[in-house]
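Listed below, chain by chain, are the residues.
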Amino acid sequence: MLSEESARVVRATADVVAAHGEEITARFYERMFAAHPELLDLFNRGSQANGEQRQALAGAVVAFAGHIAGLRPLPLGALLSRIAHKHASVGIAPNQYVVVGRHLMAAVAEVLGDAVTPEVAAAWDEVYWAFACMLVAEEARLYERAGSGFERPFHPHRVVRRQAETADVESFWLEPEDGRPIQHRTGQYVSVAVRLPDNSRQIRQYTVSSAPGRGPLRITVKRHREDGQRPAGLVSTHLHDHVRVGDRLLVSPPFGDVVLPQDDSPLLLVTAGIGITPAAAVLDELATHGSAREIVVAHADRSPASHPLAAELLATATGLSRHTVQLWYESDADSAAAPAGVEVRSGLLDPAALRLPAGARVLLCGPLPFMRHVRRGLLDRGVPAERIHYEVFGSDAWLPRSTPAAPAAPAAPVG
Ligand SMILES: NC(=O)C1=CN([C@@H]2O[C@H](COP(=O)(O)OP(=O)(O)OC[C@H]3O[C@@H](n4cnc5c(N)ncnc54)[C@H](O)[C@@H]3O)[C@@H](O)[C@H]2O)C=CC1
């Protein structure tokens, strides 16, 4: 942890660093990529282009500094675990922290100028290394457990099946070429690394949408179209347009710490859009084992036609002995297939209308504003924060920039 002297300096300078956080991280990325263009392959180019990555890094470093200097406590274990899982899934190496540290500190000095006295520089260097050392240690543990390492983070897999789920969503079934069985836990994700036509490499995380022990691992991928805020998804477009049965894909071992709690507590799964993928894995697992666990499945989508894995969700959920299914569609709710016992409503998901079994654990997955909306509603209904678990996909933008109120148990993917 921090020396008392450094903690005092960090407390005195945290606001000025926070105020310039995005400027510092923008400069940091420019410097680092100029010196190490090979590192561009590790970062999501879409998040770089729209500034999400800058906000995410600035938010995380400032939040960590506030925590260790005693200004604002964070759920530090959850934050570190989430980042370490994601880093291990892309093969971050310990020596890369040296490169990041060097360019981050140089960017701080460049942006804040004379305000960065040797004392201030030393204090923030200590913050950075405290953060980095915790991550290096956690990542080493994860590599060890996964039987992998940063030297070889990806393994060749064959696409053995591919299936269209909606106009924009495809499932791919993947089998390791070396025949090694993949031991994922329900809710985990894998990273997929692809070489694009311009020879750059990009990596994305996709939740495994099937239960463990069910043969080839399934990922279900939404094609992200250009929407004015983000360019079209480089990897999702590549997978949809170019990857066929028989092709080879480089895939990491499974990572992620938002997993199905292995107890008998009732479950409330609340998902939206492509966020349905972990719920599909959970339902697959419960159905495979004929679970008698009480479960509420709530899903929101644009329309019945855009709802991925809808038929599978209805079949698996309604096959369970103690289930409730609630569906919300922004349009065409009337056209939804709704077997007896399935509630279908119009509009956005209303957290006040969710069935809430006593003592339920909640798994949330969907676009960030959706998760914030549902989490707020559930907290208002008295659900303890530690019972609400959720995945954050895309870059690490889960820390609200202006409020210190961090979520309970975050983790990482895109579908
Ligand atoms: N866990 C995560 O962080 C996830 C993030 N995403 C990201 O979200 C983006 C969009 O995902 P899509 O599947 O295309 O979702 P989408 O944009 O089709 O939205 C799905 C549904 O979410 C609900 N929703 C969206 N915003 C809401 C809000 N502010 N309040 C209440 N409900 C809201 C609506 O019912 C909507 O129909 C993607 O860029 C994806 O990467 C998607 C899934 C999971």
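Residues numbered from 1 in each chain as written. Predicted model: local features only at pLDDT ≥ 70, side-chain atom pairs only at ≥ 80, totals over all residues. Heavy atoms only, no water.

## Some points on the domain arrangement of the protein chain
Step number 1: When its domains are assigned, the protein chain resolves into domain 1 (4-146), domain 2 (155-251) and domain 3 (267-390).
Step number 2: Taking the mean C-alpha position of each, domain 2 and domain 3 sit 24 Å from one another.
Step number 3: Of the residues lining the interface, 16 residues belong to domain 2; the matching set on domain 3 comes to 15 residues.
Step number 4: Buried surface at the junction of domain 2 and domain 3, both sides included, amounts to about 1200 Å², of which 61% is carbon and sulfur.
Step number 5: Linking domain 2 with domain 3 are 2 salt bridges, by the criterion used here.
Step number 6: One salt bridge connects R218 with E312, and the closest N-O pair in it is separated by 2.8 Å.
Step number 7: At the junction of domain 2 with domain 3, the criterion picks out 5 residue pairs in polar contact (both at pLDDT 80 or more).
Step number 8: Listed by contribution, the elements that provide at least two residues to the side of domain 2 that touches domain 3 are β1 (155-166), β2 (169-176) and β5 (217-222). (Domains from an automatic or database assignment. Contact = heavy atoms within 4.5 Å. Buried area = accessible area lost by both parts, 1.4 Å probe. Salt bridge = Lys/Arg side-chain N within 4 Å of Asp/Glu carboxyl O. Polar contact = N/O pair within 3.5 Å; in protein donor to acceptor, adjacent residues only side chain to side chain. Helix = DSSP H or I, 4+ residues; strand = E, 2+ residues; numbered from the N terminus.)

## Section: the UniProt feature "domain: Globin" (unreviewed entry) in the protein chain
Step number 1: When the UniProt feature table is mapped onto this chain numbering, "domain: Globin" (unreviewed entry) sits at residues 1-140.
Step number 2: When the span residues 1-140 is considered, its composition is 79% helix and 0% strand, and the gap between its end C-alpha atoms is 20 Å. (UniProt positions renumbered as here; feature names shortened; annotations may be inferred.)

## Looking at empty space enclosed by the protein
If a probe as big as a water molecule is rolled over the atoms, it shows which places are left empty.
Step number 1: Scanning the entire structure with this criterion turns up 4 cavities of 30 Å³ or more.
Step number 2: Size it by volume and the second largest cavity reaches roughly 150 Å³.
Step number 3: Residue lining of the second largest cavity: 14 residues in total, with V17, I24, V61, L104 and V108 positioned closest to the centre.
Step number 4: The biggest single contributor to the lining of the second largest cavity is helix α4 (residues 52-68), with 4 residues.
Step number 5: The class makeup of the residues in the lining of the second largest cavity is 12 nonpolar, 2 polar and no charged. (1 Å grid on protein atoms, 1.4 Å probe; cavity = no way out; pocket = protein on both sides within 12 Å on 5 of 7 lines; lining within 4 Å. Points joined across faces, edges and corners; volume = space filled by probe spheres on them. Nonpolar A, V, L, I, M, F, W, Y, C, P; charged D, E, K, R; others polar.)

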